[in-house]
Amino acid sequence: MKSPNQKIPDRAHEVTLAEGKKAYFLSDLHLGAPMLKDNRERELQIVEWLERIRPDCGMLFLLGDIFDFWFEYKRAVPQGHVRFLAKISEFADQGIPVHFFTGSHDIWPFGYLTRECGVILHTRNEAFRINGKDFLIGHGDALNPQDRGYLWLYHIFHNHFLQRCFRWVHPDVGIWLAHKWSSHSRLGNGKIEADGFRGEGKEEIIGFCRRVLQHKHFDYFVFGHRHLPLDFALSPDSRYINTGDWISHYSFATFDGARLILEKINQ
């Protein structure tokens, strides 16, 4: 059993950053997570940070789990996040491309975010060539072909028939069920999947990157999902960057056209 994320994209999106502009990458905001008590404060921090980077932002990559749950019913979307949605809409309206990658929690956007906010939606890993550097970019889940349990759930959640069935569930019930389901990945201290480095042999994304490099070169692999900021050298000319999260690390990555750097905001 495989997921589309395990496939190497055939073509790369060609992009040239304007002089003085940067590409920004962040993931795992988990806005609206019911067990986190600071959702409003974190949203305001994110909006403030987005406003701060806007003058030199040439591209914005949102690498999944931006929302703790997101499902677009035919005539309804989950409440909240209006300040964040308004800010990324401003970016798109001003001609700054906003690339939204679905994660393991916000799997189900069906057009609203594209129509109303102007984001460019990606449902699997994508290859980009930015200023001559090759990137493989995605959320970072469903990369281990041996994890049959997770892959089984992945295929259930991405099944179009089951998605249509879920739309018949009233949003009050459906969103409640989703939050109850996702609670199994929460740690008792209020964090979300934020364990330490497991060793390169046990890090599934590192294993995936090395398998890809056997067939195709990428200068940078950029993923989220792990909630752990990582800058890992896969080879002398290839690196894996994990953008961490905005729950405990408040980290992100920037590419200035020459170098990709992992950074954190000043708390």
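Quick caveat: nothing in here was measured; it's all calculated off a predicted structure.

## A look at the overall build of the chain
At step 1: Scanning the chain from N- to C-terminus turns up 7 helices and 12 strands.
At step 2: The globule rule puts the C-alpha radius of gyration for 267 residues at 18 Å, and the 18 Å found for the chain is close to it.
At step 3: Counting only C-alpha atoms and orienting by the principal axes, one finds that the chain spans roughly 50 × 45 × 35 Å.
At step 4: Within the chain, the fraction of its 267 residues that count as buried is 50%.
At step 5: Accessible surface for the chain amounts to roughly 13000 Å². Of this, 53% is attributable to carbon and sulfur atoms.
At step 6: The chain carries 33 positive and 33 negative side-chain charges, and their two centres are separated by 4 Å.

## Notes on the pattern of salt bridges
At step 1: Evaluation of the coordinates by the stated rule reveals 10 salt bridges.
At step 2: With a shortest N-O distance of 3.2 Å, arginine 42 and aspartate 38 are connected by a salt bridge.
At step 3: By relative accessible area, which is 1% here, arginine 42 ends up buried.
At step 4: The class of aspartate 38 is partly exposed, set by a relative accessible area of 27%.
At step 5: A salt bridge links arginine 129 to aspartate 134; its shortest N-O distance comes to 2.9 Å.
At step 6: Residue arginine 129 is classed as partly exposed on the basis of its relative accessible area, which comes to 28%.
At step 7: When its relative accessible area of 17% is taken as the criterion, aspartate 134 is described as buried.

## Quick look at the packing of aromatic side chains
At step 1: Tallying each qualifying case throughout the model produces 26 aromatic pairs.
At step 2: Ring geometry for tyrosine 220 versus phenylalanine 255: centroids 6.1 Å apart, planes at 65°, classification edge-to-face. Remark: phenylalanine 255 occurs in strand 11 (residues 251–255) and tyrosine 220 occurs in strand 8 (residues 220–223); sequence separation between them is 35 residues. The two residues tyrosine 220 and phenylalanine 255 agree in class, both being buried.
At step 3: An aromatic cluster is present here, built from Phe69, Phe71, Tyr73, Trp108, Phe110, Phe157 and Phe166 joined pairwise through their rings.

## What to know about the nonpolar core
At step 1: The biggest cluster of nonpolar side chains holds 29 residues, and the ones touching the most others in it are Leu60, Phe84 and Ile88.
At step 2: Looking at this core, the elements with two or more residues in it are strand 2 (22–26), helix 1 (39–53), strand 3 (57–62), helix 2 (82–93), strand 4 (98–101) and helix 3 (112–117).
At step 3: For this core, the leading source of residues is helix 1, giving 5 residues.
At step 4: Residues in contact with phenylalanine 84, not counting those within four places in the same chain, are Leu29, Leu31, Glu43, Ile46, Val47, Leu50, Leu62, Ile66 and Phe67.
At step 5: Val15, Ala23, Phe135 and Tyr220 belong to the second largest nonpolar core, which has 18 residues in total.

## Focus: the side chain of histidine 81
At step 1: Note on placement: histidine 81 falls in the loop between strand 3 and helix 2.
At step 2: Judged by its relative accessible area of 9%, histidine 81 falls in the buried class.
At step 3: Excluding residues that lie within four positions of it along the chain, histidine 81 makes contacts with Leu31, Gly32, Glu43, Phe67 and Trp70.

## Examining the packing of helix 1 against helix 2
At step 1: At their nearest, the axes of helix 1 and helix 2 sit 9 Å apart, and the two run at 15° to each other. It follows that helix 1 is roughly parallel to helix 2 by the angle criterion. Of the two possible hands of crossing, helix 1 and helix 2 adopt the one that is left-handed. Between helix 1, through Arg40, Glu43, Leu44, Ile46, Val47, Leu50, Glu51 and Ile53, and helix 2, the contact on the second element is made entirely by Val82, Arg83, Phe84, Lys87, Ile88, Glu90 and Phe91.
At step 2: The residue inventory of the contact of helix 1 with helix 2, partitioned by class, reads 9 nonpolar, no polar and 6 charged.

## Some remarks on the confidence of the model for the chain
At step 1: Averaged over all residues, the pLDDT of the chain is 90; the fraction at 70 or higher stands at 94%.
At step 2: Across residues 186–190, where pLDDT falls below 50, the model places 12 contacts with residues more than four positions away in sequence or in other chains.

Criteria and thresholds
Residues numbered from 1 in each chain as written. Predicted model: local features only at pLDDT ≥ 70, side-chain atom pairs only at ≥ 80, totals over all residues. Heavy atoms only, no water. Helix = DSSP H or I, 4+ residues; strand = E, 2+ residues; numbered from the N terminus. Rg over C-alpha atoms; globule rule 2.2 N^0.38 Å. Buried < 20%, exposed > 50% of the residue type's maximum accessible area, 1.4 Å probe, protein only. Areas by Shrake-Rupley, 256 points an atom, 1.4 Å probe, with all protein chains shown as cover. Lys, Arg positive; Asp, Glu negative; His and termini not counted. Charge placed at Lys NZ, Arg CZ, Asp CG, Glu CD. Salt bridge = Lys/Arg side-chain N within 4 Å of Asp/Glu carboxyl O. Phe/Tyr/Trp six-rings, centres within 6.5 Å; stacked < 30°, edge-to-face > 60°. Core = buried A, V, L, I, M, F, W, Y, C linked by side-chain atoms within 4.5 Å. Contact = heavy atoms within 4.5 Å. Axes fitted to C-alpha atoms, helices over the stretch in contact; angles between N-to-C directions. Parallel < 35°, antiparallel > 145°, perpendicular 65-115°, else oblique. Left-handed = near helix turned anticlockwise from the far one by under 90°. Nonpolar A, V, L, I, M, F, W, Y, C, P; charged D, E, K, R; others polar. pLDDT = per-residue confidence, 0-100.

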